[in-house]
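Now for the letters of each chain:
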Amino acid sequence: MTAATVLWVVVLALLLPILQTRSLREPLRSGARLLAEQPRRLPAPDVLLGRLAVVLVPSAALLALAVVPVGFAGAAWLSTSADLVWFNAAEVLLWVAWWCAGWSPNSVLPLVGAYRFLAQGLSYELPLMFSLITVGVAAGSLRVSDVLLAQQGVWFVVVMPVAAAVFMCAAAAFASWGPFAGPMGRDLGGGVLAETTGPARLALSAGRALFLGVAAAMTATLFLGGPAGPVASGWWWLLLKTVLVTAVMVALARRLPVLPPDRTVDVAWVVVLPLTIVQALVVSVLVLRGVL
Amino acid sequence: MDLIASTANRLRGWALGRPRVAVLASPERTSTGWRVEAAAASRGWPRAGSPADADVLVVVGDHATDLARACGLWWHHMTAPRSRVDISGEADHESGIDELLDAALVRLRDRDTQRAAATRTGEAAELLEQRRTPHGSADDQHGGHDVGGHDMGGHAGHDMGSVAGLSMASTGQDRDGLALDVLVHRWGPFLPGWPAGLVVRTTLSGDVVTSAVVEQGPSRPETFPRPVAVAHALVTVLDLAGWTEAAKVLSHVPLARLDAIAPTGAEQRWLSRVRRSRTLRWALRDVAVVDDQDAADRVAQWCEELLTGAKGGTGQVGWTVHPAADLVPLVVVGTELARARIAVASLALSPGRPGGTGSGAEPHAHHQHHHTDHGGAS
């Protein structure tokens, strides 16, 4: 891990909370408050799975970050032959993590929050996979570096707007945030997080914020050309685009209530999933005809 | 060393500078509760969603024994650092409330007090000991006011063994005929976005409510002019529906209406935005259908009323911010939990009887069990 990556971790973890609270100080203060707070344990908790969740959420975010090209030289910390699948796998770890976090306190509300997350997962996971596949098809590769090369002419958001929109929504959904915050909803007193206090809560919340930041950076990479810019390409362009993506997410979230997971599932399967398949088809045809 | 210690202390003080606050107001002191919430909000103190989330507990009103016990449980579930304020007399006026909140913050930041409280071990063990009782009585021991809610099992006659003195969740058939864990959860009497004093015992299979019994209604809920009660119901529904921004912007409309202050420009913009929102309409559709109106219809109507209605407290006096208790089981059974909470909130507006007795149900008056016919399943 380089200094660049460490800086990016800090920036990405704070970006969304800062934009959301419109304050530089308050996100840090909430974090500090949680550090000063006593941990809490209800009778007969599942300690092992609870700790697993606390480790897993931030780790999954870091694993996802590994394939985002955030180095000063524009290279990712890790380059595999299947970066897109890697990112997907890191995100799938959240299924386990949120479920464990909801299960472990031995309490009804977090457990219901965990159920809700699984229901939500049924909605977003397949559309997310199809949007990643579409990117892979257009680039002819699952490597992030190839995806960036393929966008030298035109950004992917132009050719595949549906995939880009679905990716952003799915990011909010796997982090259980904004209009997809049902699993951690106020109607459940915080749902998955309802019984967790202190450093454990800090790890879960910070990991979630970091994953949202990473997903915003990944959106900028896969659909907005990443570090490429009209003049003087470099990491600052990626940062700028990431901030813009996050700002759009925050602005949209302000205007929407939480989408009930059990109703969202209808829309996801009847409307969104077919749309992503059509999007993949259109892009495939464009690739076959040599347009892309 | 002194430097390090004082720096650490200052850091701690800074970290606790915006504590999360929970206000538990008894039904007859609802408006005082709102004033405390408004005072806390103006300091930038966020509202806590659960006892685990709360740092400062404000108890408003001279509680009857059972409500006092519920407040005790909230307090018990809060972790250090924590601080409690009791407003029982007439500390209504702004300055009195501010002084009390200041004092709460000082106690919250006092290291020695908090350390003593935090090292007071055995509280959890005590609770566990209370529960280590023969099956069936676990609920009674627990007092039925568990807001944090880890009240699993205790279902009729199925002995599934026990872990750490708690009975295991038994299984029952869900709406698709699958054997699923049956969870018992009590809502109330205090919970953010919940009508204070109302206690509903629900049985859940997964996250679907299979039966609901109103165990206790509010005794003498405060009554308000209609616009005030309407504004409060609207904010509550928006908050539970997860529209945080709208709820935040509109949150002081009820109090403003009580003081006969007209909505500001921003509030009016948000009211019409909420009224027009298709997403909200879609999310609330078919929730709590009463008299051919669902929650979405009621929300739109409330926005309309607030936008066009009287400037202040000129409306008819005598509305409570509580639902008619006999409606609650009817709209809750067969729905998913989130929708059940919203259903109750969307009905939390009913004409109170003169003299303020309101719509309160007598304890244990309503026992309704519904196991099938889940109308709102899609």
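Numbers given to residues run from 1 along each chain, matching the order in which its sequence is written. The naming scheme follows written order: chains are lettered A onward, ligands numbered 1 onward. The model is predicted, so local features are restricted to residues of pLDDT at least 70 and side-chain atom pairs to those at 80 or more, both for listing and for counting; the totals for chains, interfaces and linings are taken over all residues.

**Structural notes on the overall build of chain B**
Regarding its fold elements, chain B presents 15 helices and 13 strands. Residue burial in chain B is summarised as follows: out of 378 residues, 49% are buried. If you take every contact in chain B between residues at least 6 apart in sequence, the share linking residues at least 24 apart comes to 71%. A run of H or I in DSSP counts as a helix once it spans at least four residues, and a run of E counts as a strand once it spans at least two, with each numbered from the N terminus. For the exposure call, what matters is how many other C-beta atoms sit within 10 Å of a residue's own: 20 or more marks it buried, 12 or fewer exposed, and in between partly exposed, using C-beta atoms placed from the backbone. In this description, any two residues whose backbone-derived C-beta atoms lie within 7 Å of each other are considered to be in contact.

**What to know about the overall build of chain A**
Check the secondary structure of chain A and you find 11 helices and zero strands. Secondary structure of chain A in N-to-C order comes out as α-α-α-α-α-α-α-α-α-α-α. Only C-alpha atoms enter the radius of gyration, while the globule expectation follows 2.2 Å times N to the 0.38, with N the number of residues. Rg of the C-alpha trace for chain A: 19 Å, near the compact-globule value of 19 Å for 292 residues, within the 12% margin. Taking the principal axes of its C-alpha atoms as reference, chain A extends roughly 65 × 45 × 35 Å. Taking the contacts inside chain A whose residues are at least 6 apart along the sequence as the reference set, 79% of them involve residues at least 24 apart.

**What about the interface of chain A and chain B?**
Counting residues at the interface gives 40 residues for chain A and 48 residues for chain B. Elements with a minimum of two residues in the side of chain A that touches chain B: helix 2 (25-35), helix 5 (108-139) and helix 11 (261-288) of chain A. For the side of chain A that touches chain B, the leading source of residues is helix 5 of chain A, giving five residues. Three residue categories are used. Nonpolar comprises Ala, Val, Leu, Ile, Met, Phe, Trp, Tyr, Cys and Pro, charged comprises Asp, Glu, Lys and Arg, and polar comprises the others, including Gly. Here the residues of the side of chain A that touches chain B are counted per class, giving 17 nonpolar, 10 polar and 13 charged.

**Notes on the sheet that holds strand 2 (residues 56-60) of chain B**
All names here are of chain B. Taken together, three strands build an open sheet; the order of strands is 1-2-3 and the sheet is parallel. Each end of this open sheet is capped by a strand with a single partner; those strands are strand 1 (21-25) and strand 3 (83-87). Ignoring strand direction, the axes of neighbouring strands in this sheet form an average angle of 15°. Any two strands with at least two DSSP-identified bridges between them are counted as paired. Note: strand 1 against strand 2, five bridges, orientation parallel. Bridge pairing in strand 2 places L24 opposite V59. For helices, the fitted axis covers only the stretch in contact; all axes are lines through C-alpha atoms, and the angles between them, taken along N-to-C directions, range from 0 to 180 degrees. Here helix 2 (residues 30-42) sits on the sheet in contact with strand 1, strand 2 and strand 3, set at roughly 170° to strand 1.

**Some points on the nonpolar core**
For this analysis, nonpolar core means a set of buried Ala, Val, Leu, Ile, Met, Phe, Trp, Tyr and Cys residues linked through C-beta atoms within 7 Å. With 201 residues, the main nonpolar core has V214 of chain A together with L234 of chain B as its most contacted residues. The biggest single contributor to this core is helix 9 (residues 198-223) of chain A, with 17 residues. Not counting residues up to four positions away in its chain, the partners in contact with V214 of chain A are L12, A61, A64, L65 and V68 of chain A.

**Here we look at the environment of P261 of chain A**
All names here are of chain A. Position of P261 among the secondary structure elements: in helix 11. The buried category is assigned to P261, around which 27 C-beta atoms lie within 10 Å. Sequence-distant contacts of P261, defined by excluding residues within four places in its chain, comprise R116, A119, Q120, S123 and G182.

**Focus on the sheet that holds strand 10 (residues 224-225) of chain B**
Residues and elements named next belong to chain B. Strand order in the open sheet formed by three strands is 10-11-12, with antiparallel pairing between adjacent strands. The open sheet terminates on both sides in strands that have one partner only, identified here as strand 10 and strand 12 (350-351). Where strand 10 lies against strand 11 (residues 317-320), two bridges are found, and the strand directions are antiparallel. What sits directly across from P225, in strand 11, is V317.

**Re the pairing of strand 2 of chain B**
Residues and elements named next belong to chain B. When you tally the buried positions in strand 2, you get five out of five residues, the bulk of the element. Burial along strand 2 is two-sided: the residues V56, V58 and V60 and L57 and V59 are all buried. Here is how to tell: hold the view so the strands point away, follow the path from the first strand over the helix to the second, and if it runs clockwise the crossover is right-handed. Read from strand 1 through helix 2 to strand 2, the crossover connection turns out left-handed. Across five bridges, the pairing between strand 2 and strand 3 is parallel. Bridge pairing in strand 3 places V59 opposite D86.

**Describing the packing of helix 9 of chain A against helix 10 (residues 235-254) of chain A**
Packed helices, taken two at a time, are described by the angle their axes make and the gap between the axes. Residues and elements named next belong to chain A. Orientation of helix 9 relative to helix 10, taken along the N-to-C sense of each, is 115°, at an axis distance of 8 Å. At the point where helix 9 passes helix 10, the crossing takes the right-handed sense. Across the interface between the two elements, G213, A216, A217, T219, A220 and T221 of helix 9 pack against L238, K241, T242, V245, T246 and M249 of helix 10. In the contact of helix 9 with helix 10, the residues fall into six nonpolar, five polar and one charged. Should the near helix be turned anticlockwise from the far one by less than a right angle, the crossing is left-handed, and should it be turned clockwise, the crossing is right-handed.

None of this, on its own, says anything about what the molecule does.
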